[in-house]
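Given next are the chains, with one letter for each unit.
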Amino acid sequence: MTLHKASPILLLDGGLGTTLVDFYSCVFDERTPLWSSQLLLSSPSTLKDVQTAFARAGADILLTATYQASLEGFSRCDIPKPEATRYMRSAVKIARAAFEGRSGRLALSLGAYGATMIPGQEYSGRYGDRVRAEWLREWHLQRVRLFYDGVDAPGTERCWEEIEFLAFETLPLLSEVSAVREAMGAVAREVWGCEKEFWISCVFPGEGNVLPDGSSVEQVVRAMLGKKEGAASPSGVGINCTPLEKVEGLIVEFEKAVKRMVDASEVDQWPDLVIYPDATNGEVYNTTTKQWENGKKESNSVCLNLAHE
């Protein structure tokens, strides 16, 4: 794959949760249903220290500590919606402050619905029979709405204008990819003139280059980029939380699938390619214990542009 000469390579930050565990003695278990977002309540200064270190190390984009944040998660901590909204918005302020006045971009981290379940189901996509595409659309839309300025949280600090991207991460289902695009279509209509770019990244665990629901890369790319009435198109597509050894093959398949769509004029331009895999030595993340088992996880994060000759 040859990168466009004009295409910048932007570095994402590192693994927030694993950094908190490895260097700050944080423990994540059933008592911390918000995972790394728990620090929005318990120690925002620690969160800022970690994100500042990422920025000083050269990260061009910082992800907010909101991957697992949701109203459901905050309710498990007995925190009502208005207060939960203020905590979630505070993550944007903390990440922005981490750049210490330097230029940098913020991505609002929004994990899959499965990331908010107990145990987490973003690696399996086992959401249950009641969770269908329309329900997922409304769930993602309602969560994004919490970050609109002045919505449902009077007196909170403005944050929507501080966000450059929305990052929908670790999606395990083709139906959730479509639901996110439809939700962002609704967002674009509601905040007309203040729309945000967004990316969608999926998880490819287990054997083969398929989603947990069995969808192929071709199907994933078409769900991400195909024209659909009422659905917004992401500026970036890609892969996260996937074993490093699978990434090269996945990138090749992504590029071929996008090229077929470009050649057929099904998409107007090449999207960005967003990649932040798991750099492991065979360890598996246990969503119940919230630990990497049989060893220690490292993290690699990079945001590239899909290339074409």
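(A) Seen up close, the nonpolar core. Grouped together as the largest cluster of nonpolar side chains are 83 residues, with contacts concentrated most on Phe147, Trp160, Leu166, Phe168, Phe204, Met224 and Phe254. Those residues in contact with phenylalanine 168, other than ones at most four positions away along the chain, are Leu110, His140, Val144, Val180, Met184, Phe198, Trp199, Ile200 and Ser201. Within the second largest apolar cluster, ten residues are counted, among which are Leu10, Ala107, Trp199 and Val274.

(B) The arrangement of unusual backbone geometry in detail. Omega for the bond connecting isoleucine 118 with proline 119 falls within 30 degrees of zero, at -5°, which places this linkage in the cis form. Mapped onto the elements, proline 119 comes out in the loop between strand 2 (105-111) and helix 6 (133-145). For tryptophan 35, which is not glycine, the phi dihedral falls at a positive 55°. With respect to the helices, strands and loops of the structure, tryptophan 35 is situated in the loop between helix 1 (16-24) and helix 2 (39-42).

(C) Main features of the pattern of salt bridges. For the structure on display, the rule yields twelve salt bridges. In this structure, arginine 102 and glutamate 100 form a salt bridge, with 3.0 Å as the shortest nitrogen-oxygen distance. Residue classification places arginine 102 among the partly exposed residues on the basis of a relative accessible area of 37%. A salt bridge links glutamate 218 to arginine 260, with the shortest nitrogen-to-oxygen separation between them at 2.4 Å.

(D) A look at the environment of glutamate 100. You can see glutamate 100 is positioned in the loop between helix 5 (81-98) and strand 2. When the C-alpha positions of glutamate 100 and alanine 55 are compared, they lie 8.5 Å apart, and in sequence the two are 45 residues distant. When sequence neighbours within four positions are dropped, the list of residues in contact with glutamate 100 reads Thr52 and Arg56. Only 2.6 Å separates the side chain of glutamate 100 from the side chain of arginine 56, close enough to count as a polar contact.

(E) Molecular detail of the packing of helix 7 (residues 174-190) against helix 8 (residues 217-225). Close contact between helix 7 and helix 8 brings their axes to 9 Å; oriented N to C, the two are set at 15°. The angle between helix 7 and helix 8 falls in the class roughly parallel. Crossing hand, helix 7 versus helix 8: right-handed. The residues of helix 8 that touch helix 7, namely those facing Leu174, Val177, Ser178 and Arg181, are Gln219, Val220, Arg222, Ala223, Met224 and Leu225.

(F) Quick peek at the packing of aromatic side chains. Within the structure shown, the criterion is met by eleven aromatic pairs. Taken together, a centroid distance of 6.0 Å and an interplanar angle of 10° make the contact between phenylalanine 74 and tyrosine 87 stacked. Linking phenylalanine 74 in helix 4 (residues 71-76) with tyrosine 87 in helix 5, this pair joins segments that are 13 residues apart in sequence. Taking the relative accessible area as the measure of exposure, phenylalanine 74 reaches 0% and is therefore buried. Relative to tryptophan 160, the ring of tyrosine 148 has its centre 5.1 Å away and its plane inclined at 70°; by these criteria the two rings are edge-to-face. You can see tyrosine 148 sitting in the loop between helix 6 and strand 3 (165-171) and its partner tryptophan 160 sitting in the loop between helix 6 and strand 3, a full twelve residues away along the chain. Of the two residues, tyrosine 148 and tryptophan 160, neither departs from the other in class, the shared state being buried.

How each quantity is defined
- Residues numbered from 1 in each chain as written.
- Predicted model: local features only at pLDDT ≥ 70, side-chain atom pairs only at ≥ 80, totals over all residues.
- Heavy atoms only, no water.
- Core = buried A, V, L, I, M, F, W, Y, C linked by side-chain atoms within 4.5 Å.
- Buried < 20%, exposed > 50% of the residue type's maximum accessible area, 1.4 Å probe, protein only.
- Contact = heavy atoms within 4.5 Å.
- Helix = DSSP H or I, 4+ residues; strand = E, 2+ residues; numbered from the N terminus.
- Salt bridge = Lys/Arg side-chain N within 4 Å of Asp/Glu carboxyl O.
- Polar contact = N/O pair within 3.5 Å; in protein donor to acceptor, adjacent residues only side chain to side chain.
- Axes fitted to C-alpha atoms, helices over the stretch in contact; angles between N-to-C directions.
- Parallel < 35°, antiparallel > 145°, perpendicular 65-115°, else oblique.
- Left-handed = near helix turned anticlockwise from the far one by under 90°.
- Phe/Tyr/Trp six-rings, centres within 6.5 Å; stacked < 30°, edge-to-face > 60°.

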